Amino acid sequence: MDVEEVKQLVQKPLAEDLWPKQLTAAVRLLAAFAGGDPEQITSSLNEDGALVLSLQGLWPRAIAQGVPMPLVSQVIQPRGPKPGQAADRLLRGILNSYVLALRDLTQLPKTLYPRWRDIRQIQNQLLALQAILHQWRLDEDAPAVRATLYGPVAGGTLKAAQQAGVKVTQAKLAKPWLHGFLGTLPMPAIIVGVRSQGGRAGVGQQQEVLVRAQNLVHRQFPRTRSAALSPGEREVLYGKTAVTDFTAFDLEFSSGNAREGMFITEIGAVKVKANHIVDTFNVFVQVPARRHLNMYSQRVTGIHEDTLKQYGLPANEAIRQFVDFIGTDSLLGFSMHGGDLPVLRRQFNLYPQPYRLIDVALLAKQSGRCRATPKSA
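These figures come from a predicted structure and were not determined experimentally.

**Overview of the confidence of the model for the chain**
Step number 1: Across the chain, pLDDT averages 88, with 93% of residues at or above 70.
Step number 2: Between residues 371–377, whose pLDDT stays under 50, and residues either more than four places distant or in other chains, the model counts 2 contacts.

Below, the structure is given as structure tokens:
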């Protein structure tokens, strides 16, 4: 396949009314160029008008046509191109979203663990394609793009990178932990652009929040008499040593003023035993009565008040589940004195048990400057 022909086609501006077909054609072209299976690239528009792409054809051909596995292949592009935008600009965002999803083991079900080498080949194929698209945008006299690919790499991936002028370095990759695979089946589609931009949640991030809320399964946990969080004002005393068993948590909460109040909208936590992830927790929390979630909070987090009303739990029920999930663990967080602890105190009168709270920011500060860090850092 002629490299210049592929390059010109993927860099061709997309038409406003034809972009879904043009983008699909560009993906099929890339699949053929990288040794994938173009016939397995399909697309459709969902009820919201977003483009749904099935990217299994971008996988290395031997995997795409081999024994089926329950790895997600659907990617949702929630909006069309900007005027005059070329296909490769959208494609780089699509490929990046897919790579990020494959990197997050907590989103992959345990049934995929025996196929982790195949998953790594798929990820390396997508990384190489990102590098190729970037290389094609550089001036002819610019240095070649360099890509380090960890773990197994398909022959078609290496051939495509070489043809495009990308310098590939292969490196070893340790086998992942089985305990890290915590996803459920079926895997949800990947939504492009889930990361916030300029301090505001992108369209993709807002859709990701909604999909996650719709798919949450609420669970009950055994009650504990020695919870890490309990009512009653007390001095906050931090643990000063590292532990191997803990629950790491993070809260999303409103930036409310005196009228709106300060309240939790989402709780996320990960339980770790002997340095291995063994369980996860996620819950959305309804807005308290006579309160309002301001627009700033909704823009920043992508969590809308309607989502909380439909899929959130009442605040007292949500916090009860969270406390029970923690159990007797120590709590680990980052710079908690600035937000997480105040909102727990104000909304629920909850305080951490002495020395059961570990703040990563404080541990880092106590450890001093890393030896490898320049003095100016």
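After that view of the structure, there is still more to cover.
**Remarks on the pattern of salt bridges**
Step number 1: Following the criterion strictly, the structure yields 8 salt bridges and no others.
Step number 2: For Lys 273, the salt bridge goes to Asp 329, with nearest N and O atoms at 2.9 Å. Of this pair, Lys 273 sits in strand E9 (residues 264–273) while Asp 329 is found in the loop between helix H10 (315–326) and strand E11 (330–333), placing the two residues 56 residues apart along the sequence.

**As for the side chain of Lys 271**
Step number 1: Mapped onto the elements of the fold, Lys 271 is located in strand E9.
Step number 2: In terms of polar contacts, Lys 271 uses its side chain to reach the side chain of Asp 329, at 2.7 Å.
Step number 3: Leave out the neighbours within four places in its chain, and Lys 271 touches Phe 246, Thr 247, His 276, Ile 277, Val 278, Asp 279, Phe 325, Ile 326 and Asp 329.

**As for the sheet that holds strand E2 (residues 51–54)**
Step number 1: The 4 strands lie next to each other as E1-E2-E3-E6, forming an open sheet whose pairing is mixed. Each of the sheet's edge strands pairs with one partner strand only, and the pair in question is strand E1 (42–45) and strand E6 (190–191).
Step number 2: The sheet contact formed by E1 and E2 spans 4 bridges and is antiparallel. By the bridge assignment for E2, Leu 45 is matched with Leu 51.
Step number 3: With respect to the sheet, helix H2 (residues 19–33) is in contact with E1, E2 and strand E3 (74–77), its orientation differing from that of E2 by roughly 15 degrees.

**A few points about unusual backbone geometry**
Step number 1: The omega torsion across Leu 185 and Pro 186 is -5 degrees, close enough to zero to call that bond cis.
Step number 2: With respect to the element layout, Pro 186 can be found in the loop between strand E5 (167–171) and E6.
Step number 3: Here the phi dihedral of Ser 335 falls at roughly 45 degrees; this positive angle occurs in a residue that is not glycine.
Step number 4: With respect to the helices and strands, the residue Ser 335 is situated in the loop between E11 and helix H11 (340–348).

**Quick look at the packing of aromatic side chains**
Step number 1: Scanning all chains against the criterion turns up 7 aromatic pairs.
Step number 2: Residues Phe 249 and Phe 322 carry aromatic rings whose centres are separated by 5.8 Å and whose planes lie at 45 degrees to one another, so their mutual orientation is tilted. Of this pair, Phe 249 sits in strand E8 (residues 246–253) while Phe 322 sits in helix H10, placing them 73 residues apart in sequence. In this pair, the class of Phe 249 matches that of Phe 322, namely buried.
Step number 3: Relative to Phe 322, the ring of Phe 281 lies with its centre 5.9 Å away and its plane at 35 degrees, an arrangement referred to as tilted. Remark: Phe 322 occurs in helix H10 and Phe 281 occurs in strand E10 (residues 276–284); sequence separation between them is 41 residues.
Step number 4: Note on Phe 322: relative accessible area 0%, which makes it buried.
Step number 5: When the ring centre of Trp 116 is taken as reference, the NZ or CZ atom of Arg 117 above it lies at 5.8 Å.
Step number 6: Positioned above the aromatic ring of Phe 325 is the side chain of Lys 271, whose terminal nitrogen or guanidinium carbon lies 4.9 Å from the ring centre.

**Details of H2**
Step number 1: Here H2 contains 15 residues, and its C-alpha end-to-end distance of 21 Å stays within 8% of the 21 Å for a straight helix at 1.5 Å per residue.
Step number 2: Of all the residues in H2, the buried ones are Trp 19, Pro 20, Leu 23, Thr 24, Ala 26, Val 27, Leu 29, Leu 30, Ala 31 and Phe 33.

**Comments concerning the nonpolar core**
Step number 1: Grouped together as the largest cluster of nonpolar side chains are 59 residues, with contacts concentrated most on Leu 23, Leu 58, Leu 71, Tyr 98 and Trp 136.
Step number 2: Contributing elements (two or more residues each) for this core: helix H1 (3–10), H2, E2, helix H3 (61–64), helix H4 (87–103), helix H5 (116–136), strand E4 (146–150) and helix H6 (155–164).
Step number 3: Per-element tally for this core: the top contributor is H5, with 11 residues.
Step number 4: Contact partners of Leu 23, with chain neighbours within four places excluded, come to Leu 14, Leu 51, Leu 53, Ala 87, Leu 90, Leu 91 and Ile 94.
Step number 5: Counting residues in each nonpolar core, the second largest holds 29 residues, with Leu 229, Tyr 238, Phe 249 and Ile 264 among its members.

**Considering the side chain of Glu 305**
Step number 1: Tracing the sequence through the fold places Glu 305 in helix H9 (residues 305–311).
Step number 2: Not counting chain neighbours up to four residues away, the residues in contact with Glu 305 comprise Val 287, Arg 291, His 292, Leu 293 and Gln 298.

**Examining the pairing of E9**
Step number 1: Within E9, 7 of the 10 residues are buried, which leaves it mostly tucked inside the rest of the structure.
Step number 2: As judged from the 8 bridges shared by E9 and E10, these two strands associate in the antiparallel manner. By the bridge assignment, Lys 273 is partnered in E10 with His 276.
Step number 3: Taking the residues that link successive antiparallel strands as the turn, the E9-E10 hairpin has 2 residues, and the phi of Ala 274 there is positive, at about 50 degrees.

What counts, and where the lines are drawn
- Residues numbered from 1 in each chain as written.
- Predicted model: local features only at pLDDT ≥ 70, side-chain atom pairs only at ≥ 80, totals over all residues.
- Heavy atoms only, no water.
- pLDDT = per-residue confidence, 0-100.
- Contact = heavy atoms within 4.5 Å.
- Salt bridge = Lys/Arg side-chain N within 4 Å of Asp/Glu carboxyl O.
- Helix = DSSP H or I, 4+ residues; strand = E, 2+ residues; numbered from the N terminus.
- Polar contact = N/O pair within 3.5 Å; in protein donor to acceptor, adjacent residues only side chain to side chain.
- Pairing = 2+ DSSP bridges.
- Axes fitted to C-alpha atoms, helices over the stretch in contact; angles between N-to-C directions.
- Phe/Tyr/Trp six-rings, centres within 6.5 Å; stacked < 30°, edge-to-face > 60°.
- Buried < 20%, exposed > 50% of the residue type's maximum accessible area, 1.4 Å probe, protein only.
- Lys NZ or Arg CZ within 6 Å of the ring centre and 35° of its normal.
- Expected span 1.5 Å × (residues − 1).
- Core = buried A, V, L, I, M, F, W, Y, C linked by side-chain atoms within 4.5 Å.

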